[in-house]
Amino acid sequence: MKKRLNVTDAKIIENKLFLEVSESLSDLNPGGQILVDSDHFSFIYLLENSEDYTYVVIPEPIWGSLKEAHVHNMEVVLTNGEIEMELTHFLEELEYIISNIKGNTNYGKAMVEKIESIF
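Quick look at the sheet that holds strand 8 (residues 84-86)
Two modes of strand pairing occur in sheets, parallel and antiparallel, and in both the strands are linked by backbone hydrogen bonds. One open sheet holds the four strands; their spatial order is 2-3-7-8, and the pairing between them is mixed. Edge positions in the sheet fall to strand 2 (9-13) and strand 8, since each of these pairs with one other strand and no more. Strand-to-strand, the axes of this sheet are offset by a mean angle of 30°, without reference to chain direction. Of the strand pairs in this sheet, strand 3 (residues 16-20) and strand 7 (residues 75-79) are connected by five bridges, and their pairing is parallel. Of the residues in strand 7, the one forming a bridge with Phe18 is Val77. Along the sheet face, helix 1 (residues 63-71) touches strand 2, strand 3 and strand 7 and points at about 155° away from the line of strand 3.

Observations regarding the sheet that holds strand 4 (residues 29-37)
Read from one edge of the open sheet, four strands run 1-6-5-4, paired in mixed fashion. Here the strands that pair on one side only, and so sit at the sheet edges, are strand 1 (3-6) and strand 4. With strand direction ignored, the average angle separating the axes of adjacent strands in the sheet is 30°. One ladder, built from four bridges, connects strand 1 with strand 6 (residues 53-59); its direction is parallel. Bridged to Lys3 within strand 6 is Thr54.

Quick word on the nonpolar core
Grouped together as the largest cluster of nonpolar side chains are 33 residues, with contacts concentrated most on Leu19, Phe43, Leu47, Ile58, Leu66, Leu87 and Phe90. Elements with a contribution of two residues or more to this core: strand 3, strand 5 (42-48), strand 6, helix 1, strand 7, helix 2 (90-101) and helix 3 (109-118). Tallying contributions element by element places helix 2 first for this core, with six residues. If we ignore the near neighbours within four places in the chain, the residues touching Leu87 are Leu19, Pro30, Tyr45, Leu47, Val76 and Leu78.

Parameters at a glance
- Residues numbered from 1 in each chain as written.
- Predicted model: local features only at pLDDT ≥ 70, side-chain atom pairs only at ≥ 80, totals over all residues.
- Heavy atoms only, no water.
- Pairing = 2+ DSSP bridges.
- Helix = DSSP H or I, 4+ residues; strand = E, 2+ residues; numbered from the N terminus.
- Axes fitted to C-alpha atoms, helices over the stretch in contact; angles between N-to-C directions.
- Contact = heavy atoms within 4.5 Å.
- Core = buried A, V, L, I, M, F, W, Y, C linked by side-chain atoms within 4.5 Å.
- Buried < 20%, exposed > 50% of the residue type's maximum accessible area, 1.4 Å probe, protein only.

Written out as structure tokens, the structure reads:
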């Protein structure tokens, strides 16, 4: 099973969105790709190292902050309080995912409704 880092909070500071996790970020690099977990209403940003991928789970309560970052074209940074990592291609991937989900019941009616109501 893939390692999962759960985003617990989001803060906007100096036109950057900081997504906070409590786990270690050492030896991880941005993967530049976002997936969707429509069963758990989450976006999944991929981190990688030489051996495997790690999932950064961004649950629905954080989506309002994602929208703010999207609207204002903010840099998105993952942090655990010690390390800060820019999540490359985050906004482009988010835009692609959102446009793909809107009106697409393949993601499930509830997921589509949540995306359309927030984004």
